[in-house]
Amino acid sequence: MLLNLTESPNQEVVYHPKGFEPLKLWIKRDDLLHEHISGNKYRKLKYNVEFAFQNGYNTLLTFGGAFSNHIAATAAAGNELGFKTIGIIRGDELSEKEDMIRENPTLQFAKECGMQFKFVSRSDYRLKDTEDFIDKLKNEFGEFYLVPQGGTNALAVKGCEEILTENDREFDIVCCAMGTGGTISGIINTAFSHQKVLGFPALKDDFLEKEIKNYIHNFENWELIKAYHFGGFAKMNQDLVHFINDFKMQTSITLDPIYTGKMFFGIVDLHKKGYFDKNKRILAIHTGGLQGIKGMNFRLQSRGHSILE
Ligand SMILES: *Cc1c(COP(=O)(O)O)cnc(C)c1O
């Protein structure tokens with residue numbers, strides 16, 4: 001059996017921001033879909049691993065940063081399904097010491113899942129989509145099935161078309177955190193015609209609309225809310241840490257600092273500003289990624305902050 005889970009539960013949640021009306025919304029708990037192949041990464045890998053399996057590949061190769069949810073998920077999927085996995089990791093300073101792997105919870109986990117790493121410099125990493133770079137990897141590692149950075153391709157979008165189901169028809173607004181835009185593309189493709197899809201980019205990127213348009217068929221009712229990237233990918237501040245911890249204390253739901261924390265911060269801020277019509281029903285997708293908290297806390301230590309796990 002390959003990756004065959006489909007539906008995760010919707011949970012009704014009330015969050016009360018100090019000095020404002022409580023916000024009621026529903027959270028699709030894709031973070032509960034699988035313990036280690038988390039959230040949208042499960043969705044994105046599903047048809048890719050099926051394709052790899054049907055075409056006789058025994059190795060998955062992919063790319064990512066040293067704290068990447070996608071690296072962790074690919075390593076876990078390979079471990080569970082019997083693929084060898086190779087991770088091309090951005091930043092060659094990491095290879096200098098075995099200690100670096102030991103101190104990085106994401107790489108440590110991926111290593112325990114059997115992933116083999118190749119660390120490349122940031123400048124080489126930028127060439128990762130070129131034919132020359134991929135040919136060199138083939139010489140080094142032999143045949144592999146290549147999963148792009150962040151896992152986004154047409155098969156990944158197909159997997160993300162399974163996030164919304166018939167039961168989600170009752171919602172008016174669907175919110176999703178964004179990195180490459182693959183996940184929201186699948187959501188846009190299966191959203192109902194009365195729904196509006198809001199994307200919350202976790203990074204500064206002017207090409208996200210274009211990327212989405214490569215994958216969607218026609219549905220026009222979507223919009224990107226670009227005010228909540230907190231300065232860029234994996235950038236944080238104290239307000240965000242406080243919000244994630246307060247949300248956890250009020251709802252018992254853990255958010256990750258890279259994606260879902262920023263999205264929920266954005267949803268709550270829009271609510272404070274009166275953006276949402278009171279009778280609209282909001283569904284926010286919890287895309288998972290909680291493995292990233294440990295690594296972020298490691299980096300936040302020096303600033304005296306910590307995110308609740
Ligand atoms: C990777 C990731 C995203 C971004 O998904 P894209 O398909 O790249 O837009 C969102 N949330 C979490 C938790 C992720 O790990």
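Quick note: structure is the one above.
Nothing here was measured: the structure is a model prediction, and the numbers come from that model. (Residues numbered from 1 in each chain as written. Predicted model: local features only at pLDDT ≥ 70, side-chain atom pairs only at ≥ 80, totals over all residues. Heavy atoms only, no water.)

Caption draft 1: The packing of aromatic side chains, seen in detail. With the rule as written, the count across this model stands at 14 aromatic pairs. On the basis of an interplanar angle of 40 degrees and a centroid distance of 5.6 Å, the ring pair of Phe 51 and Tyr 145 is categorised as tilted. In this pair, Phe 51 sits in helix H1 (residues 39–54) while Tyr 145 sits in strand E6 (residues 145–147), placing the two residues 94 residues apart along the sequence. Summarising the aromatic geometry, the rings of Phe 243 and Phe 265 are spaced 5.5 Å apart at their centres and angled 80 degrees between planes, so their arrangement reads as edge-to-face. With a gap of 22 residues between them, Phe 243 in helix H10 (residues 238–251) and Phe 265 in helix H11 (residues 260–272) connect regions that are remote in the sequence. Accessibility classification places Phe 243 together with Phe 265 in one group, the buried group. (Phe/Tyr/Trp six-rings, centres within 6.5 Å; stacked < 30°, edge-to-face > 60°. Helix = DSSP H or I, 4+ residues; strand = E, 2+ residues; numbered from the N terminus. Buried < 20%, exposed > 50% of the residue type's maximum accessible area, 1.4 Å probe, protein only.)

Caption draft 2: Examining the side chain of His 286 more closely. With respect to the helices, strands and loops of the structure, His 286 is situated in the loop between strand E10 (282–285) and helix H12 (292–300). For His 286, the side chain forms a polar contact with the main-chain nitrogen of Gly 288, separated by 3.0 Å. Aside from chain neighbours lying at most four places away, what touches His 286 is Ile 27, Lys 28, Arg 29, Asp 30, Asp 31, Ile 253, Thr 254, Leu 255 and Thr 260. (Polar contact = N/O pair within 3.5 Å; in protein donor to acceptor, adjacent residues only side chain to side chain. Contact = heavy atoms within 4.5 Å.)

Caption draft 3: Summary view of the sheet that holds E10. Spatial strand order, E1-E2-E10-E7-E8-E9: six strands in an open sheet with mixed pairing. Lying at the two open borders of the sheet, with one neighbouring strand each, are strand E1 (10–15) and strand E9 (222–224). Averaged over all neighbouring strand pairs, the angle between strand axes comes to 25 degrees, with direction disregarded. Where E1 and strand E2 (residues 23–28) come together, six bridges link them in antiparallel fashion. Each residue of the ladder has a partner; that of Tyr 15, found in E2, is Leu 23. Along the sheet, H11 makes contact with E1, E2, strand E7 (173–178), strand E8 (196–201) and E10, crossing E2 at roughly 155 degrees. (Pairing = 2+ DSSP bridges. Axes fitted to C-alpha atoms, helices over the stretch in contact; angles between N-to-C directions.)

Caption draft 4: Quick look at the site of the ligand. Taken together, 16 residues sit near the ligand, with Lys 41, Lys 44, Thr 180, Thr 183 and Thr 287 positioned nearest. Thr 180 has a polar side-chain atom sitting 2.6 Å from an oxygen atom of the ligand. Thr 287 is positioned such that a nitrogen or oxygen atom in its side chain is 2.7 Å from a nitrogen atom of the ligand. Protein chains bury 98% of the 380 Å² of accessible surface belonging to the ligand in isolation. Class assignment for the residues of the shell around the ligand results in three nonpolar, eleven polar and two charged. (Near = heavy atom within 4 Å. Areas by Shrake-Rupley, 256 points an atom, 1.4 Å probe, with all protein chains shown as cover. Nonpolar A, V, L, I, M, F, W, Y, C, P; charged D, E, K, R; others polar.)

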